Amino acid sequence: MTRTTTILLDGLHDPADSTSWETFDRRYRPVIIALSRRMGLAEADAADVAQETITRFILEYREGRYDRSRGRLRNWLLALSRTRIAEHYRKGARARIDGGESHVREMPDEATMTQLWEQERRTVLLRSALEELRSSTKTDERTIEAFELLVAQRMPALAVAERLEMKIEDVYLAKSRVAARLRTIVHRLEAACEGE
């Protein structure tokens, strides 16, 4: 268990420790929303799932139901999220059946849900790393934009160069520089989450 994780978990016992709660919320709310959206929920329903999951987490955590020796925090949050998503599925299924539809969407199995959770967690982590890169370094915005267009949006290098009025070799250089800086930030963010 890392020191950062221990500090965060200890801080969550104190309702007045706004820093720990904000860190927790910033780390997990976007993952829960993204997972819910991947499961087909509308944006408002996904936000509801996140709020319900975090509320349930707060209640159960304060009651002492989370035991570190029984598993990771994120696995417990995934289980709570899965339950809330299933409730929304059931509500939606009832509405569709009442509306005359016969097809009812089924929840994926636990292994698939875990895989989707990890994918969304990595996406949120990368997004956080990009935000940090923008706010805490002197990296030129055009350099970051070149990286995003080339890597995230899979735009051809020539199209990126034309769009940003850069030489093609500068596009590749931007990709390399941003990727190296992001690796460092992502590694640090991952280390902060280790054990959760």
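Residues numbered from 1 in each chain as written. Predicted model: local features only at pLDDT ≥ 70, side-chain atom pairs only at ≥ 80, totals over all residues. Heavy atoms only, no water.

## Section: the environment of L116
Reasoning step 1: Structurally, L116 is set in helix α5 (residues 110–136).
Reasoning step 2: Taking the C-alpha atoms as reference points, L116 and S36, separated by 80 residues in sequence, lie 9.9 Å from one another.
Reasoning step 3: Ignoring sequence-local partners within four residues, the contact set of L116 consists of L35, R38 and M39. (Helix = DSSP H or I, 4+ residues; strand = E, 2+ residues; numbered from the N terminus. Contact = heavy atoms within 4.5 Å.)

## Digging into a nonpolar patch on the surface
Reasoning step 1: On the surface, a cluster of nonpolar side chains totalling about 290 Å² of accessible area is made up of L158, I168 and Y172.
Reasoning step 2: Considering the arrangement of structural elements, one finds Y172 in helix α8 (residues 168–193).
Reasoning step 3: Looking at Y172, the relative accessible area reads 46%, which means it is partly exposed. (Patch = residues over 30% accessible without salt bridge, like charges linked within 9 Å, V, L, I, M, F, W, Y side chains within 5 Å. Areas by Shrake-Rupley, 256 points an atom, 1.4 Å probe, with all protein chains shown as cover. Salt bridge = Lys/Arg side-chain N within 4 Å of Asp/Glu carboxyl O. Buried < 20%, exposed > 50% of the residue type's maximum accessible area, 1.4 Å probe, protein only.)

## Comments concerning the pattern of salt bridges
Side chains carrying opposite charge are able to pair once their charged atoms draw close together.
Reasoning step 1: Under the counting rule described, the total for this entry stands at twelve salt bridges.
Reasoning step 2: For E60, the salt bridge is made with R65, and the minimal N-O distance between the two is 3.6 Å.
Reasoning step 3: Look at R65 and you get partly exposed, because its relative accessible area is 48%.
Reasoning step 4: Three or more residues are tied together by salt bridges with common partners; here these are R56, E60, E63 and R65.

## Thoughts on the packing of aromatic side chains
Centre-to-centre distance and the angle between the planes together describe a pair of aromatic rings.
Reasoning step 1: Scanning the entire structure with this criterion turns up nine aromatic pairs.
Reasoning step 2: Ring geometry for W21 versus F57: centroids 6.2 Å apart, planes at 65 degrees, classification edge-to-face. On the criterion of sequence distance, the pair formed by W21 in helix α2 (residues 18–38) and F57 in helix α3 (residues 43–62) is long-range, its members being 36 residues apart.
Reasoning step 3: By relative accessible area, which is 13% here, W21 ends up buried.
Reasoning step 4: Three or more aromatic residues joined by ring pairs form one cluster here, namely W21, F24, Y28, F57, Y61, Y66, W76 and W117. (Phe/Tyr/Trp six-rings, centres within 6.5 Å; stacked < 30°, edge-to-face > 60°.)

## Thoughts on the environment of M107
Reasoning step 1: The topology assignment puts M107 in the loop between α4 (73–98) and α5.
Reasoning step 2: Put simply, M107 and Y89 are 18 residues apart on the chain and 7.9 Å apart in space, counted from C-alpha to C-alpha.
Reasoning step 3: If near-sequence neighbours (up to four positions away) are discounted, M107 is found in contact with R82, I85, A86, Y89 and M113.

## Quick notes on the side chain of T143
Reasoning step 1: Mapped onto the fold, T143 is located in helix α6 (residues 141–152).
Reasoning step 2: Note on T143: relative accessible area 16%, which makes it buried.
Reasoning step 3: In this view, T143 contacts A174 and V178; residues no more than four positions away in its chain are not counted.

By themselves, these are just geometric observations and shouldn't be taken as functional.
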